[in-house]
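Structural description and commentary
Each chain, written out:
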Amino acid sequence: MTYDAEATRRRILAAATAEYAEHGLAGSRIDRIATAAQANKQAIYLYFGGKDKLFGTVVRAKLEEICHAVSLDPRTLPEAVGQLFDWYQEHPELVRLLMWEALEVGDAPVEGERERRESYVGHVEGLTAAGLRDRATAQDWLFTVLGLVAWNFAAPQMRRLILDEPDPDRALARRRAAVVEAARALAAAHVPVPAG
């Protein structure tokens, strides 16, 4: 049987995603990740450089996954926001990872900050090219849209308390419809209608 380094990396990333989403950076344990990944701890340090770097890699990987899954175009914003909502619903670990990162790192630099910032710059430039009037508007627009969707999954207890909806599936369907409608209004306010 030959050793498959890429398969080991994938198993480590999957195990680390689950571990960090559940326990955060401080509460996670490399030995639990290694056991779940059926890998040894040395492989984690070899491939990822340690616990902090692995956490940064996990967060970046989930963010890249969502970037490839959904395109935020201001001209088709309601549909894109609906897709983004669905993606977050299917992948709640991203919100948990970002919440842990915020709790543990605060406003200090994060692991892989330069690469993550460059990714957002690319999105902002794409939004500006697609019709938003300037860079600052595109930045604000991107941050607002991401918050509009992610908050639904960041604080599920707030959703339950405010909506007074005992059925979680109905509450999420209601929130999805409300978020899509808010996106429609946001797009109407910021995207110029083509002449003709």
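For the structure, see preceding data.
Heads up: these notes are all about the structure in this document. As the structure is a prediction and not an experimental result, all values here were calculated from the model.

Okay, a nonpolar patch on the surface next. Together, Trp151, Met158, Leu161 and Ile162 make up a nonpolar patch on the protein surface, roughly 460 Å² of accessible area in all. Ranked by residue count, the leading element in the nonpolar patch is helix H9 (residues 156-163), at 3 residues. Checked against the element boundaries, Trp151 lands in helix H8 (residues 135-154).

What follows covers the pattern of salt bridges. Applying the stated rule across the entire model yields 13 salt bridges. Here Glu6 ties to Arg9 by a salt bridge, and the two come within 3.5 Å at their closest N and O atoms. Highlighted residues: Glu6 and Arg9, both in helix H1 (residues 5-27), separated by 3 residues, approximately one helical turn. Where Lys53 meets Glu111, a salt bridge forms, and the shortest distance between an N and an O atom there is 3.6 Å. Of this pair, Lys53 sits in helix H4 (residues 51-69) while Glu111 sits in the loop between helix H6 (93-105) and helix H7 (113-129), placing them 58 residues apart in sequence.

Attention now moves to the packing of H8 against helix H10 (residues 168-190). Where H8 meets H10, the axes come as close as 10 Å, and the angle between the chain directions of the two elements is 170°. Compared by their axis directions, H8 and H10 come out roughly antiparallel. Along its contact with H8, which presents Thr137, Trp141, Val145, Leu148, Val149, Asn152 and Phe153, the element H10 presents Leu172, Arg175, Val179, Ala182, Ala183, Leu186 and His190. Within the contact of H8 with H10, the residues separate by chemical class into 10 nonpolar, 3 polar and 1 charged.

Cut-off values and rules
Residues numbered from 1 in each chain as written. Predicted model: local features only at pLDDT ≥ 70, side-chain atom pairs only at ≥ 80, totals over all residues. Heavy atoms only, no water. Patch = residues over 30% accessible without salt bridge, like charges linked within 9 Å, V, L, I, M, F, W, Y side chains within 5 Å. Areas by Shrake-Rupley, 256 points an atom, 1.4 Å probe, with all protein chains shown as cover. Salt bridge = Lys/Arg side-chain N within 4 Å of Asp/Glu carboxyl O. Helix = DSSP H or I, 4+ residues; strand = E, 2+ residues; numbered from the N terminus. Axes fitted to C-alpha atoms, helices over the stretch in contact; angles between N-to-C directions. Parallel < 35°, antiparallel > 145°, perpendicular 65-115°, else oblique. Contact = heavy atoms within 4.5 Å. Nonpolar A, V, L, I, M, F, W, Y, C, P; charged D, E, K, R; others polar.

What is shown is where atoms sit, not what they do.
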